[in-house]
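Chain by chain, the residues:
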Amino acid sequence: MDDPSVTRPRPTPAGPDISVRTGTGSGRTLLSAFDSALLAAGVANFNLIALSSVIPPESSVRVVDTALPGGHGDRLYCVLSAAYADHPGEFVWAGLGWTFDETTGGGLFVEHKGGSEESLLEQIELSLADMTANRGGGYGPVHTATASAHCVDRPVCALTIAAYEVVPWSPGA
């Protein structure tokens, strides 16, 4: 049986090894809840640089639950979904979905948030169906990673992040 955490083997070193992580957190503010979720996902000490969700050919995508190695303040190129709640009793979901073109090896990510897992997964499926149809089809199955948070008495954040690459700062950059 295939390992479900690996959704596409890395055929060559040409594309990035993209790792998907999830986290949830709470804090006295929405921002500190976001920071707590970043800590739980193992990516809190990076400067996040958002990408537009295109997966380069010959990349791998795998779901992990370990901290991402790198230095404090390094740049992290990523696709991010974050959902927030600050009313007691409120639930939020954040998730990523992805698929690969069977011919080119390239792929697509989508990032969504919702008030229920069902709504979130539906948004992911619909978005990827439209996006792959716009590109002429030929894409494989949809894979997902989700996180949820429940507000009890403090703001919360649910986070799903796809980490493409960590880049340290260099002199003169």
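In this report, we go over the structure that sits alongside the text. Each residue is numbered by its place in its chain's sequence as written, counting from 1. It should be noted that, the model being predicted, local features are given only for residues of pLDDT at least 70 and side-chain atom pairs only at 80 or more, the latter also being counted only at that level, while totals for whole chains, interfaces and linings use all residues. Side-chain calculation: all heavy atoms of the structure are included, whereas hydrogens and water are not.

## Looking at the overall build of the chain
Along the chain, the regular secondary structure elements total 2 helices and 9 strands. Only DSSP runs of H or I reaching four residues or more are called helices, and only runs of E reaching two or more are called strands; each is numbered from the N terminus. Counted from the first residue to the last, the chain has its helices and strands arranged as β-α-β-β-β-β-β-β-α-β-β. In this setup the radius of gyration rests on C-alpha atoms only. A globule is expected at 2.2 Å times the number of residues raised to 0.38. A globule of 173 residues ought to have a C-alpha radius of gyration of about 16 Å, and the chain, at 16 Å, matches this closely. Looking at the chain as a whole, 42% of its 173 residues qualify as buried. Here the contacts in the chain between residues at least 6 apart in sequence split such that 76% fall between residues at least 24 apart. Reported accessibility uses the Shrake-Rupley method at a 1.4 Å probe radius. Residues are deemed covered only where the shown protein chains occlude them. About 8900 Å² of surface is accessible on the chain, with carbon and sulfur atoms providing 54% of the total. Note on charges: Lys and Arg go in the positive column, Asp and Glu in the negative column, and His and the chain ends are not counted at all. Charge coordinates come from a single atom per side chain, which is NZ of Lys, CZ of Arg, CG of Asp or CD of Glu. Averaging the locations of the 9 positively and 19 negatively charged side chains of the chain gives two centres separated by 8 Å. Type-normalised accessible area, obtained with a 1.4 Å probe on protein chains alone, sets the label of each residue: buried when under 20%, exposed when over 50%, and partly exposed for intermediate values. By definition in these notes, contact holds between two residues if any of their heavy atoms fall within 4.5 Å.

## Some thoughts on the sheet that holds strand 8 (residues 143-150)
We call two strands paired when DSSP finds no fewer than two bridges between them. One open sheet accounts for 4 strands, arranged 3-7-6-8; its pairing is antiparallel. Looking at strand neighbours, the two that pair on one side only are strand 3 (54-55) and strand 8, the edges of this open sheet. Across 8 bridges, strand 6 (residues 91-100) lies against strand 8 in antiparallel orientation. The partner of W98 across the bridge, within strand 8, is H143.

## Focus on the state of the cysteines
By disulfide we mean two sulfur atoms from cysteines, separated by a distance within 2.5 Å. A full pass over the atoms with the stated rule returns 0 disulfides. With no disulfide partner, C151 has as its closest neighbouring cysteine sulfur the one in C157, 12 Å distant. Relative accessible area serves as the criterion here: at 1%, C151 is assigned to the buried category.

## Considering helix 1 (residues 30-41)
With 12 residues, helix 1 should reach 16 Å at 1.5 Å per residue; the first-to-last C-alpha distance of 16 Å fits that figure. Here helix 1 has its buried residues at A33, F34, A37, L38 and A41. Down the axis of helix 1, the smallest arc covering the buried residues is 145 degrees, so these residues share one side. Turning to helix 1, the residues buried within the fold contact strand 1 (17-26), strand 2 (47-50), strand 5 (75-85) and strand 9 (156-167). In the segment just after helix 1, G42 is the residue with positive phi, at about 80 degrees. The span one expects for a helix is its residue count, reduced by one, times 1.5 Å. Comment: arc refers to directions from the helix axis out to C-beta atoms.

## Details of unusual backbone geometry
Residues other than glycine seldom take positive phi values, yet S53 does so here, at roughly 90 degrees. By the element assignment, S53 lies in the loop between strand 2 and strand 3. Its relative accessible area of 5% is what places S53 among the buried residues. For E58, which is not a glycine, the phi torsion comes out positive at approximately 65 degrees. Its place among the elements puts E58 in the loop between strand 3 and strand 4 (60-63). Using a relative accessible area of 31% as the deciding quantity, one classes E58 as partly exposed.

## Re the side chain of S60
On the secondary structure map, S60 appears in strand 4. For S60, a relative accessible area of 5% puts it in the buried group. In the analysis that follows, any N or O atom pair within 3.5 Å is treated as a polar contact, provided that within protein one partner can donate a hydrogen and the other can accept it, and provided that, for residues neighboring in sequence, both atoms belong to side chains. Polar contacts involving the side chain of S60 include one to the side chain of D17, which spans 2.8 Å.

## What to know about the sheet that holds strand 9
With mixed pairing, 5 strands are arranged side by side in an open sheet as 2-5-9-1-4. In the strand order of this sheet, the two ends are held by strand 2 and strand 4, each with one partner. Averaged over all pairs of adjacent strands, the angle between strand axes in this sheet comes to 40 degrees, irrespective of strand direction. The pairing of strand 5 with strand 9 spans 11 bridges and is classified as antiparallel. Residue pairing for strand 9: Y77 is matched across the bridge by E165. Helix 1 contacts strand 1, strand 2, strand 5 and strand 9 of the sheet and is inclined by roughly 135 degrees relative to strand 1. Helix axes are fitted to C-alpha atoms over the stretch in contact, other axes to C-alpha atoms as well, and angles between N-to-C directions run from 0 to 180 degrees.

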